[in-house]
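The chain contents come next:
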Amino acid sequence: MTLAVAPDLHPPADPLCRPSGAARLGARDVAVPIPVDFRLESGECLPQRSLLARLHGPAGAPVVAVAGGISSGRFVHRTETNGLGWWSGAVGPRAPIDLHRLRVLAFDFAPGAEGLARPVTITTRDQARLLALALDHLDIPRLAAFVGCSYGGMIALAFGTLFPGRVGQLLVVSAAHRAHPLAVAWRGVQRRILELAEAAGRPEDGVALARQLAMTTYRTPDEFDARFDAAAPDRAGEAYAVCDYLISRGHAYRHHTTPARWISLSDSIDRHRLEPEAVAVPVTLVGFTSDRLTPIEDLRELAARLPLLFRFVEAPSLYGHDAFLKEDALVGDILRTALREITR
């Protein structure tokens, strides 16, 4: 593991980063109104009237925004209403993002699937602007930190360029300042699968098949080699063991989203681009050397160009782009170090 630390920077202790209102434990949903005059950078309007966000943890605590990949959402921690959250390994009581002393704000990325008849052209800057609307609605003047992984990390970087005065620090995992062309190519094939399935009247099958392809890009050749052998089935056209795994993953995902929403968010990843020098917030940056979607070379360039880099960690992992979901001990230690000075 390679570690670079800028000795003259420290993640700021930020006692003022807390929402107003009565103290309350637990989690609750908030519908954030989207103004009628809100326009995306493309000039389009969102087909939804509100943004759904969720607050986890005690009212009055410093607030940390948490965002993940395009399949994540506001249920970041296990709750009584939604089972396991998408990042329960990192968020919870006494977890690295400790809900005993921090309040977590997570949100569903726009556009929502409901009422979305066609894809919407939306950028990571648009998502950052929507988060700012949520902060205004909740009377949160400033986040103590923004923890973003994958697509959420892109949004965190965009937030740091647009609203540097509204966040104390960024923790960016498996995300860079641009989308790599090979990753754009893979996602482009996924989008064409979705479009073809939609035209054939089989949208759910398209989502399942696109998810199968996506799974091959999230993980590593070494993991697939360790888990599956290449023994042939009895007849041509029957599934190999690795194909059975991918088919099951696609089947489990087929109702999770719609083609129009997936195309919107996939395209949003691919049009992400910003100047690292414009991120005027202290950044902890984490990358994995086996990640093919966000190559470590792009993370190294980002680290070299960030004006307020606090720490850059690059580490090996069997799990590639999914390492932030699997490497609990490593990622947890980084989170604890970055967040430990946040106080009330």
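Because the structure is a prediction, the values reported are computed rather than measured.

Criteria and cut-off values
Residues numbered from 1 in each chain as written. Predicted model: local features only at pLDDT ≥ 70, side-chain atom pairs only at ≥ 80, totals over all residues. Heavy atoms only, no water. Helix = DSSP H or I, 4+ residues; strand = E, 2+ residues; numbered from the N terminus. Rg over C-alpha atoms; globule rule 2.2 N^0.38 Å. Buried < 20%, exposed > 50% of the residue type's maximum accessible area, 1.4 Å probe, protein only. Contact = heavy atoms within 4.5 Å. Areas by Shrake-Rupley, 256 points an atom, 1.4 Å probe, with all protein chains shown as cover. Lys, Arg positive; Asp, Glu negative; His and termini not counted. Charge placed at Lys NZ, Arg CZ, Asp CG, Glu CD. Pairing = 2+ DSSP bridges. pLDDT = per-residue confidence, 0-100. Phe/Tyr/Trp six-rings, centres within 6.5 Å; stacked < 30°, edge-to-face > 60°. Lys NZ or Arg CZ within 6 Å of the ring centre and 35° of its normal. Expected span 1.5 Å × (residues − 1).

Undergrad: Please set out the overall build of the protein chain residue by residue, giving values where relevant.
TA: The helix and strand inventory of the protein chain stands at ten helices and eleven strands. Compactness check: the protein chain gives a C-alpha radius of gyration of 20 Å against a globular reference of 20 Å for 344 residues, within 12% of the reference. For the protein chain, the C-alpha atoms occupy an extent of roughly 65 × 45 × 40 Å along the three principal directions. The proportion of buried residues among the 344 residues of the protein chain is 54%. Of the contacts made within the protein chain by residues no fewer than 6 positions apart, 76% connect residues no fewer than 24 positions apart. Surface summary for the protein chain: the accessible area is close to 14,800 Å², and the carbon and sulfur share equals 54%. In the protein chain, 38 positive and 38 negative side-chain charges are present, and the distance between their average locations comes to 5 Å.

Undergrad: How would you explain the pairing of strand 4 (residues 63-67) if you had to name every residue and give the values?
TA: Judged by how many residues are buried, strand 4 sits mostly within the fold: five of five residues are covered. Going residue by residue along strand 4, you find V63, A65 and A67 tucked away on one face and V64 and V66 tucked away on the opposite face as well. Taken together, the three bridges between strand 4 and strand 7 (residues 103-107) define a ladder with parallel strand orientation. The residue bridging A65 from the neighbouring strand is L105, located in strand 7. Across four bridges, strand 4 lies against strand 8 (residues 145-149) in parallel orientation. In the strand pairing of strand 8, A67 is matched with G148.

Undergrad: Lay out the confidence of the model for the protein chain in plain terms, naming residues and giving numbers.
TA: For the protein chain, the mean per-residue pLDDT works out to 92, and 92% of the residues sit at or above 70. For the stretch residues 5-25, pLDDT sits under 50, and the model shows 53 contacts to residues farther than four places along the chain or on other chains.

Undergrad: Provide a residue-level description of the packing of aromatic side chains, including the pertinent values.
TA: If you walk through the whole model with that rule in mind, you get ten aromatic pairs. Considering the side-chain rings of W87 and F324, the 6.5 Å spacing of their centres and the 80 degrees angle between planes classify their relative orientation as edge-to-face. Remark: F324 occurs in helix 9 (residues 323-326) and W87 occurs in the loop between strand 4 and strand 5 (91-92); sequence separation between them is 237 residues. F324 carries the same exposure label as W87, and that label is buried. Taken together, the aromatic side chains of W86, W87 and F324 make up a single cluster linked through ring pairs. A cation over an aromatic ring shows up here: R211 above the ring of Y253, its NZ or CZ 4.0 Å from the ring centre.

Undergrad: Explain the environment of Y218 residue by residue, including any values.
TA: With respect to the element layout, Y218 can be found in helix 4 (residues 203-218). Take Y218: its relative accessible area is 16%, and that puts it in the buried class. With 192 residues separating them in the primary sequence, Y218 and G26 have C-alpha atoms 32 Å apart. Not counting residues up to four positions away in its chain, the partners in contact with Y218 are R211, L293, Y319, G320, H321 and D322.

Undergrad: Tell me what's going on with helix 2 (residues 151-162), and back it up with residues and numbers.
TA: Compared with an ideal rise of 1.5 Å per residue, which puts twelve residues at 16 Å, helix 2 spans 17 Å between its outermost C-alpha atoms and is within 8% of the ideal. Taking burial as the measure, the twelve residues of helix 2 include ten buried ones, the bulk of the element. When we look at burial in helix 2, the residues that qualify are Y151, G152, G153, M154, I155, A156, L157, A158, F159 and G160. Buried residues belonging to helix 2 abut strand 4, helix 1 (124-137), strand 8, strand 9 (170-173), helix 7 (259-270) and helix 8 (296-305).

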